Amino acid sequence: MSKTRQNILFLLNNRLTEIDFSKPESPGPTTTVLNYLRTHARLKGVKEGCAEGDCGACTVVTATASENKLVYQTVDSCLLFLPMIHGKQLLTVEHLAHDGRLHPVQQTLIDHHGSQCGYCTPGFVMSLFGIYKEPSALPIEEIKQSLTGNLCRCTGYRSILDAAKTIADFNGKPDQFSVSETNTISQLNKIMADSQPILIETADQVYLKPFLLQDALKLRNLHPDALITSGATDLALRQTKKHEKLTKILDLSAVSSLNYWLEEENTITIGAGIDLETLRKRSRPHLPALSRMLDVFGSKQIRNKATLGGNIASASPIGDTLPLLMACEAGVKVQSADAERVIPINELFKGYRKTDLKADEIITAVIFPKPLAQQLIRAYKISKRDQMDISTLSVAFSLRLVDGLVDKLNIVYGGMAATAQKATSLESALIGKPWNEEHVKQATAGINDAFSPLSDVRASAEFRIQAAKNLLLRFFYDTQNEGQ
Ligand SMILES: Cc1cc2nc3c(=O)[nH]c(=O)nc-3n(C[C@H](O)[C@H](O)[C@H](O)COP(=O)(O)OP(=O)(O)OC[C@H]3O[C@@H](n4cnc5c(N)ncnc54)[C@H](O)[C@@H]3O)c2cc1C
Ligand code: FES
Ligand code: FES
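For clarity, every value in this text was computed on a predicted model and none was experimentally measured. Along each chain, residue indices are assigned from 1 in the same order as the chain's sequence is written. Just so you know, chain letters begin at A and ligand numbers begin at 1, following the order they were written in. Where local features are concerned, this predicted model is filtered to residues with pLDDT of at least 70; where side-chain atom pairs are given and counted, the filter is 80 or more; whole-chain, interface and lining totals use all residues.

## Some details on the overall build of the protein chain
Thought 1: If you tally the helices and strands in the protein chain, you get 18 helices and 20 strands.
Thought 2: Using C-alpha atoms as the atom set, the radius of gyration is obtained and then compared with a globule rule of 2.2 Å times the number of residues to the power 0.38. Over its C-alpha trace the protein chain gives a radius of gyration of 23 Å, about what one expects of a compact globule, namely 23 Å for 484 residues.
Thought 3: Along the longest, intermediate and shortest principal axes, the C-alpha atoms of the protein chain span 70 × 55 × 45 Å.
Thought 4: Each of the 484 residues in the protein chain was classed as buried or not, and the buried ones make up 47%.
Thought 5: The contacts of the protein chain with a sequence gap of at least 6 include a subset with a gap of at least 24, amounting to 66%. Secondary structure counts use DSSP, requiring at least four H or I residues in a row for a helix and at least two E residues in a row for a strand, with both numbered from the N terminus. The exposure scheme places C-beta atoms from the backbone and then counts, for each residue, the other C-beta atoms within 10 Å of its own, assigning buried at 20 or more, exposed at 12 or fewer, and partly exposed in between. Residue pairs qualify as contacts under a 7 Å threshold applied to their C-beta atoms, which are placed from the backbone.

## Description of the packing of helix H2 (residues 104–111) against helix H3 (residues 121–132)
Thought 1: Lines fitted to C-alpha atoms define the axes here, with helix axes fitted over just the stretch in contact, and angles between the N-to-C directions of these axes take values from 0 to 180 degrees. Direction vectors running N to C along H2 and H3 enclose 120°, while the axes themselves pass 9 Å from each other. Between H2 and H3, the interaxial angle falls into the category oblique. As H2 packs across H3, the resulting crossing turns out to be right-handed. On the side of H2, the interface is formed by Pro104, Val105, Gln106 and Leu109, while H3 contributes Phe124, Val125, Leu128, Phe129 and Tyr132.
Thought 2: Partitioning the contact of H2 with H3 into residue classes produces eight nonpolar, one polar and no charged. Note on terminology: angles under 35 degrees are roughly parallel, angles over 145 are roughly antiparallel, angles of 65 to 115 are roughly perpendicular, and the others are oblique. Should the near helix be turned anticlockwise from the far one by less than a right angle, the crossing is left-handed, and should it be turned clockwise, the crossing is right-handed. Residue polarity is assigned by list, with Asp, Glu, Lys and Arg as charged and Ala, Val, Leu, Ile, Met, Phe, Trp, Tyr, Cys and Pro as nonpolar; anything else, Gly included, falls into the polar class.

## Details of helix H1 (residues 33–40)
Thought 1: Buried within H1 we find Val33, Leu34, Asn35, Tyr36 and Leu37.
Thought 2: Where the residues of H1 are buried, they touch strand S3 (59–66).
Thought 3: Arg42, located one to two residues past H1, shows a positive phi value of around 55°.

## A few points about the pairing of strand S4 (residues 69–76)
Thought 1: Of all eight residues that make up S4, six are buried, and the element is covered over most of its length.
Thought 2: Strand pairing is assigned whenever DSSP detects at least two bridges linking the two strands. As consecutive antiparallel partners, S3 and S4 are separated by two residues, and within that stretch Glu67 has a phi angle of approximately 45°, a positive value.

## So, the sheet that holds strand S8 (residues 227–229)
Thought 1: Ordered by their spatial adjacency, four strands build an open sheet running S6-S7-S9-S8, and the pairing between neighbours is mixed. Whereas interior strands pair on both sides, the edge strands pair on one side only; in this sheet they are strand S6 (198–201) and S8. Pairs of neighbouring strands in the sheet enclose a mean axial angle of 15°, with direction left out of account.

## Re the site of ligand 1
Thought 1: In this analysis a residue is considered near a molecule or strand if the C-beta atom, reconstructed from its backbone, is found within 6 Å of that molecule or strand. Residues in contact with ligand 1 amount to 30 residues; listed here are only the nearest, Gly231, Gly309, Gly310, Asn311 and Ala313.
Thought 2: Top contributing element to the shell around ligand 1 by residue count: helix H13 (residues 308–314), with five residues.
Thought 3: Taken together, the residues of the shell around ligand 1 break down into 13 nonpolar, twelve polar and five charged.
Thought 4: Segment limits for the domains were obtained from an automatic or database-derived domain assignment. Built from parts of two domains, the shell around ligand 1 gets at least three residues from each of domain 1 (7–93 + 180–251) and domain 3 (257–369).

## Observations concerning the packing of helix H4 (residues 140–147) against helix H5 (residues 157–169)
Thought 1: Running from N to C, H4 and H5 cross one another at 120°; their axes reach a closest spacing of 10 Å. Classed by the angle they form, the pair H4 and H5 counts as oblique. Judged by the sense of rotation from one axis to the other, the crossing of H4 with H5 is right-handed. Contact with H4, carried on its side by Ile140, Ile143 and Leu147, involves Ile160, Leu161, Ala164, Lys165 and Ala168 of H5 and no other residues of that element.
Thought 2: Of the residues in the contact of H4 with H5, the class split is seven nonpolar, no polar and one charged.

## Thoughts on the domain arrangement of the protein chain
Thought 1: Segmentation of the protein chain into domains returns domain 1 (7–93 + 180–251), domain 2 (99–174), domain 3 (257–369) and domain 4 (382–481).
Thought 2: When each unit is reduced to the centre of its C-alpha atoms, the spacing between domain 1 and domain 3 is 23 Å.
Thought 3: Taken together, the 21 residues of domain 1 in the interface contact 21 residues of domain 3.

## Re the sheet that holds S3
Thought 1: Strand order in the open sheet made by the five strands is S2-S1-S5-S3-S4, with mixed pairing throughout. Each edge of the open sheet is held by one strand with a lone partner, namely strand S2 (15–20) and S4. Shown here is a sheet whose adjacent strand axes are inclined to one another by a mean of 30°, direction ignored.
Thought 2: Where strand S1 (residues 7–12) meets strand S5 (residues 89–91), two bridges bridge the pair, whose relative direction is parallel. Its bridge partner lying in S5, Leu11 is registered against Gln89.
Thought 3: The strands touched by H3 within the sheet are S3 and S4, with S3 carrying the most contacts at an inclination of about 30°.

## A word on unusual backbone geometry
Thought 1: Despite not being glycine, Asn13 shows a phi value in the positive range, around 60°.
Thought 2: Along the chain, Asn13 turns up in the loop between S1 and S2.
Thought 3: Look at Asn13 and you get partly exposed, because 17 C-beta atoms sit within 10 Å.
Thought 4: For Ala51, which is not glycine, the phi torsion reads 60° and is therefore positive.
Thought 5: Using a count of 20 C-beta atoms within 10 Å as the deciding quantity, one classes Ala51 as buried.

## Here's the deal with the nonpolar core
Thought 1: For this analysis, nonpolar core means a set of buried Ala, Val, Leu, Ile, Met, Phe, Trp, Tyr and Cys residues linked through C-beta atoms within 7 Å. Val125, Leu128, Leu324, Val366, Val395, Tyr413 and Ala468 are the most contacted members of the largest nonpolar core, which totals 137 residues.
Thought 2: Per-element tally for this core: the top contributor is H3, with seven residues.
Thought 3: In this view, Ala468 contacts Leu393, Val395, Tyr413, Met416, Ile447 and Phe451; residues no more than four positions away in its chain are not counted.

## Observations regarding the pairing of S1
Thought 1: Pairing geometry for S1 and S2, over six bridges, is antiparallel. Residue pairing across strands places Asn7 opposite Asp20, the latter belonging to S2.
Thought 2: Hairpin connection between S1 and S2: a loop of two residues separates the two successive antiparallel strands, and Asn13 in this loop has a positive phi of roughly 60°.

## Here's the deal with the environment of Pro434
Thought 1: Within the secondary structure layout, Pro434 lies in the loop between helix H15 (424–430) and helix H16 (437–444).
Thought 2: Taking the C-alpha atoms as reference points, Pro434 and Leu405, separated by 29 residues in sequence, lie 4.3 Å from one another.
Thought 3: If sequence neighbours within four positions are ignored, Pro434 has contacts with Gly404, Leu405 and His439.

Set out below in structure tokens:
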């Protein structure tokens, strides 16, 4: 860390753009990409609806060079801090038309009458562009997944979905971005060749952006008071909704060695920085319960940025990965500049949004024991709607039967207490018994004593208790239907 820099570089469409935060006229480092585009770059196609990741009106696309290819991601620009686009190409709705012609995604939306008032349209266009740029044509379920983060109040989704299906068929057709791909990759690689941390210090903010894990750990050691961010899908809301001044940030989003998947004989180790959309796809064959749970986690724009480490460190009682990680007895690897340890996830949470992490530690990975052939793992989420909603309550089960008897059982509920919580008394009531309806029904009665959930805007305590009982029964019936 001999040399430091205070500037970021990125491609705004194909124009190399620099922001030097040391200049007084520059925006602050936690300026969102949305505000930068509208206020500084005067690109007003991108819209603000909610400023909290819910509506998709602010959707933009980033392209990142990876293994000689460009990886395109739709993201909510209202939750993206400017330094997070360093070394990326940033594309907005203004960049799609080329040589006086609309991009095929724009023309297709028009052909299908997919816009009325037009407020949501730039966001939808960018999500459709994301579909166009997928490495292979998406099946219908994935097309829907790509649009769940975009709200439209007036057109209705039918015509937009029809446009999206047509666009999925265009997949792989060249456009101006594929023609200039080699040049774009070489420019991005040139920016990323410098791995010195970006250390921005303004009159009222410090923003630290390392690229190497060792630098991240050193910076953590020097700045234990900094707020860590990975995808900022949780942290950015403190600025955009609570209007807090985020005075010191340690941004891990560019530490590529936190982004990995390692399969070994008995374990799967997942880097804390892996984004949840990549994890959703990657885990489908190996950890299907995790993948299915991620199908109903936020939206594609959120999952493209949100990380596994961020979900764990948020320590929210309704963090959707937590019951599953706890039911699977995952280990959380944490590192400081001079030590590392693995904390069993069941020992990590110390209270509402509190973890056992020390001030100089960061989460670097999650270690999953590989599911055994006879192990049944399921996760369920109850929310007001299927997609794009936070949990009212959730639960994960891991069950092993031997000769029809419950040999091992982990039951972990989210949304029933201040942290995700193991239902130890229920487990004990069922272990050693035959796995049948009678015993499961008897065990559900224990939920009244095991939990005292809150009543809040999402549900009453009574609803939560009843739903928790029903989910245990549902798990039982699913094990009957799907075979053991
Ligand atoms: C619209 C919307 C929908 C959402 N839907 C869901 C949902 O369905 N289910 C759900 O569970 N959550 C949801 N969330 C919450 C959020 O997206 C997740 O918690 C996400 O996993 C956070 O990850 P992140 O990388 O963005 O974390 P960040 O916002 O970057 O950080 C979150 C917290 O974790 C800490 N942190 C991050 N990385 C590390 C690390 N490596 N080591 C130590 N500390 C770290 C930060 O200091 C911060 O306190 C939603 C959020 C939004 C805005
Ligand atoms: S403004 Fe609504 S998601 Fe960003
Ligand atoms: S066209 Fe009006 S909100 Fe979608």
